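What follows is the residue order along each chain.
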Amino acid sequence: WGRDARPFPELPAAPRSVAADGRLLATLQEEHRRPLRLADVPAPLRGAAPAPEDENFYRHSGVDPLGLARAAWRNLRGGSQGGSTLTQQLAKTNFTAGARTFDRKAEEALIAGELERRHTKDELLERYLNQVYFGERAYGLDAAARTFFDVDPARLSVAQAATLAGKLRAPDGLD
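Residues numbered from 1 in each chain as written. Predicted model: local features only at pLDDT ≥ 70, side-chain atom pairs only at ≥ 80, totals over all residues. Heavy atoms only, no water.

Side note on the packing of helix 7 (residues 141-149) against helix 8 (residues 158-167)
Point 1. Here helix 7 crosses helix 8 at 115°, and the two axes come no closer than 11 Å. Two packed elements cross with a definite hand, and for helix 7 against helix 8 that hand is right-handed. On helix 8, the residues that touch Leu141, Ala144, Ala145, Phe148 and Phe149 of helix 7 are Gln160, Thr163, Leu164 and Lys167.
Point 2. Taken together, the residues of the contact of helix 7 with helix 8 break down into six nonpolar, two polar and one charged. (Axes fitted to C-alpha atoms, helices over the stretch in contact; angles between N-to-C directions. Helix = DSSP H or I, 4+ residues; strand = E, 2+ residues; numbered from the N terminus. Left-handed = near helix turned anticlockwise from the far one by under 90°. Contact = heavy atoms within 4.5 Å. Nonpolar A, V, L, I, M, F, W, Y, C, P; charged D, E, K, R; others polar.)

Right under this line is the structure:
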């Protein structure tokens, strides 16, 4: 995280499995990812996308203590709910090994705080929308709009945008 360090790796053209030392193990599928600028994302989707996963996205600084407490309470009572913010999810998918450990969650929180200091919320949301999984092997909003509705993302209707935003909570379960 040096001052001149590039904060995010390039988005891969296809999801990859990478060893802890950075070696490519496998390319999981072929995909044509076309990153979008947030300005090209329909306004209804920009507004709705954070809600399913992180309703306080614009109000926290990387970690949402209330969200973590709510998730812990529901998990203790036998339910299941994640407590990670969108920024923590970006930290996990871009900078950590992904093992489900307390150490990884702590590292994720530290990286999320650093990402929030270095980027605007809109930059973080743009990155999230360009790499998040929507189901049916669609990674990123461009792939999701084309996979589910066969349209350019800029031409998504309000209903289509709401459907894609809703899929973020359980992409495969809502296919």
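Observations regarding the packing of aromatic side chains
In this description, an aromatic ring pair is defined by two values, namely the gap between the centres and the angle between the planes.
Point 1. Under the criterion given, the structure shown has two aromatic pairs.
Point 2. Plain terms: the ring middles of Tyr133 and Tyr139 are 4.7 Å apart, the flat faces sit at 40° to each other, and that makes the pair tilted.
Point 3. Look at Tyr139 and you get partly exposed, because its relative accessible area is 22%.
Point 4. Just above the ring of Phe57 sits the side chain of Lys121; from NZ or CZ to the centre is 4.6 Å. (Phe/Tyr/Trp six-rings, centres within 6.5 Å; stacked < 30°, edge-to-face > 60°. Buried < 20%, exposed > 50% of the residue type's maximum accessible area, 1.4 Å probe, protein only. Lys NZ or Arg CZ within 6 Å of the ring centre and 35° of its normal.)

Regarding the confidence of the model for the protein
Point 1. Per-residue confidence for the protein gives a mean pLDDT of 80, with 74% of residues at or over 70.
Point 2. The model gives residues 1-6 a pLDDT under 50, and that stretch makes eight contacts with residues more than four places away or in other chains. (pLDDT = per-residue confidence, 0-100.)

A few points about the packing of helix 4 (residues 86-95) against helix 6 (residues 121-131)
Two quantities define a packed helix pair, namely the angle between the helix axes and the distance between the axes.
Point 1. The interhelical angle for the contact between helix 4 and helix 6, taken along N-to-C directions, is 55°, at an axis separation of 10 Å. With respect to helix 6, the element helix 4 is oriented oblique. Considering the relative orientation of helix 4 and helix 6, their crossing is left-handed. For the pair helix 4 and helix 6, the contacting residues are Leu86, Thr87, Gln89, Leu90, Thr93 and Asn94 in the first and Leu124, Leu125, Arg127, Tyr128 and Gln131 in the second.
Point 2. When grouped by side-chain class, the residues that make up the contact of helix 4 with helix 6 number five nonpolar, five polar and one charged. (Parallel < 35°, antiparallel > 145°, perpendicular 65-115°, else oblique.)

Considering the nonpolar core
Point 1. With 28 residues, the main nonpolar core has Leu45, Leu125, Tyr128, Phe134 and Leu141 as its most contacted residues.
Point 2. Within the residue set of this core, elements represented by two or more residues are helix 4, helix 5 (102-118), helix 6, helix 7 and helix 8. (Core = buried A, V, L, I, M, F, W, Y, C linked by side-chain atoms within 4.5 Å.)

A short note on the pattern of salt bridges
Point 1. Within the structure shown, the criterion is met by eight salt bridges.
Point 2. Here Arg37 and Asp40 are joined by a salt bridge, their closest N and O atoms 3.4 Å apart.
Point 3. Here Arg146 makes a salt bridge to Asp142, at a shortest N to O gap of 2.9 Å. Within this pair, Arg146 and its partner Asp142 are both found in helix 7, separated by four residues, close to a single helical turn.
Point 4. Within this structure, Arg34, Asp142, Arg146 and Asp152 form a network of salt bridges that share partners. (Salt bridge = Lys/Arg side-chain N within 4 Å of Asp/Glu carboxyl O.)

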